Amino acid sequence: MFPSRRHLVVLALALSCGWAAAQSAKPIKLLVGFPPGGGTDAVARTLAEKLKDELGTPVVVENKPGAGGQLAAQALKASPADGTVLFLSHDHTISILPLVVKNPGYDSATDFVPVAGFATFVNAFAVSGGTPAKSFTEYVAWVKNQGAGKGAVGIPAPASTPEFLVKVVGEKFKLDLVAAPYRGSAPMMADMLGNQISAGVGSVPDFIENHKAGKVRVVAVLGAKRQAALPDVPTFTELGLGGLEDTPYYGIFAPAGTPKATIDHVGQALAKVLAMPDVHEHLTKMGLTVGYMNAQQLAQRERAYTQVWTKMIKASGFQPQ
């Protein structure tokens, strides 16, 4: 039986309205506070590619590097609270920067709302290919013999967790280590690959590909246990430096005032993406411990992590700058 003229008109109108709605859907900008090519950028692009299908709208990664993610956070604060601008960030910009910078230009607790978390990770200590050390113990010995105990260690951003780690490592192993800040992990890695700097501290995703390729060597990781992606690399706890077992987190954040329905919608889409075997495997190989956290769980994780580092930063004597 053929459809009547009236049915055809109704169908045409429905299709037209659906097409118009699809066309009017705004792309979602996913802000990243670091340059292209780094670990956080790679994570964002992996998720954005899948989220666009689950959300039914393009998800575009927009890099706003500078000041350890500070510029991206400020951009998020100034964005409309309608779900069209989100911020993918790890702990540094959300938890650490507000503790070490007097006027960061945002307040994580009041200017942002958690959408969902998707992983934890650990920071790692790596040496460049031109450094003869094959282990952290050998690196310590090399610095003492080669540079009279003095050495420079690259970090992705100033006043960051890696900077504090450099300080703690230096004190523990009686080395005079200076943290050399970069504008993200990508330029730090470029200098390590060029043997312009002998060592660096960053997240496992920052190093993992070049470590597997033998271009740099990860010689120690933080955390309570060894990482699945780096089973042969000891933890700092094993090396005698305890108290650094709390793991950083990755999450997505929105401007304060974003409707709960929008937050829930994005969060549910992210949960579906993380359940995809290829995504889970890819992020795990990058050195992440994948695990979905809803908005409330991410908020709790953020508060707990901030409290830990508030105590550590105060104990170090560091003064906000």
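Further up the page is the structure itself.
Note that the structure is a prediction, hence the values are computed from the model and not measured. (Residues numbered from 1 in each chain as written. Predicted model: local features only at pLDDT ≥ 70, side-chain atom pairs only at ≥ 80, totals over all residues. Heavy atoms only, no water.)

1. Remarks on the sheet that holds strand β4 (residues 112–120)
Inclusion rule: Each pair of strands is called paired provided DSSP finds at least two bridges between the two strands. Numbering of helices and strands starts at the N terminus; helices are DSSP runs of H or I of at least 4 residues and strands are runs of E of at least 2. The convention used is that axes are lines fitted to C-alpha atoms, helices contributing only their stretch in contact, and that angles between N-to-C directions extend from 0 to 180 degrees. What makes two residues a contact is simply this: any of their non-hydrogen atoms within 4.5 Å.
Spatial strand order, β2-β1-β3-β10-β4-β11: 6 strands in an open sheet with mixed pairing. One side of each edge strand has no neighbouring strand; the edge strands of this open sheet are β2 (59–63) and β11 (289–293). When strand polarity is set aside, the average angle formed by the axes of neighbouring strands in this sheet is 30°. In this structure, strand β1 (residues 28–32) lies alongside β2, joined through 5 bridges in parallel fashion. Within β2, the position partnered with Leu31 by the bridge is Glu62. Taken strand by strand, helix α3 (residues 70–77) contacts β1, β3 (85–90), β4 and β10 (249–255), and its axis lies near 150° from that of β3. Across the sheet, helix α4 (residues 91–100) is in contact with β3, β4 and β10; its angle to β3 comes to roughly 70°.

2. Overview of the sheet that holds strand β6 (residues 150–155)
The sheet built from 5 strands is open, its strands ordered β7-β6-β8-β5-β9 with mixed pairing. Unpaired on one side and paired on the other, β7 (176–181) and β9 (216–221) mark the two borders of the sheet. Sheet twist, expressed as the mean angle between neighbouring strand axes with direction ignored, is 30°. As judged from the 2 bridges shared by β6 and strand β8 (residues 199–203), these two strands associate in the parallel manner. Residue pairing in the sheet places Val153 in a bridge with Ala199 of β8.

3. A look at the pattern of salt bridges
Test applied: The term salt bridge refers to a pairing of a side-chain nitrogen on Lys or Arg with a carboxyl oxygen on Asp or Glu at a separation within 4 Å. Relative accessibility thresholds used throughout: buried, under 20% of the residue-type maximum; exposed, over 50%; partly exposed, between the two (1.4 Å probe, protein chains only).
Across all of its chains, the model carries 11 salt bridges by this definition. Notably, a salt bridge pairs Asp264 with Lys260, separated by 2.7 Å at the nearest N-O pair. Here Asp264 pairs with Lys260, and both are found in helix α10 (residues 260–274), just 4 residues apart, close to one helical turn. By relative accessible area, Asp264 is classed as partly exposed at 28%. Overall, Lys260 belongs to the exposed group, its relative accessible area being 56%.

4. Some words on the nonpolar core
Selection criterion: We call a set of buried residues a nonpolar core when its members are Ala, Val, Leu, Ile, Met, Phe, Trp, Tyr or Cys and they connect through side-chain atoms within 4.5 Å of each other.
Counting residues in each nonpolar core, the largest one holds 39 residues, and the members touching the most others are Phe125, Phe136, Tyr139 and Phe236. Of all elements in the fold, only β5 (123–128), α6 (136–146), β6, α7 (161–172), α8 (185–193), β8, α9 (204–212) and β9 reach the threshold of two or more residues within this core. In terms of residue count, the dominant contributor to this core is β9 (5 residues). Beyond its immediate sequence surroundings of up to four residues, Phe136 is in contact with Phe125, Val169, Phe173, Val219, Ala220, Phe236 and Leu239. Formed by 33 residues, the second largest nonpolar core is a distinct cluster that contains Ala48, Val59, Val61 and Val266.

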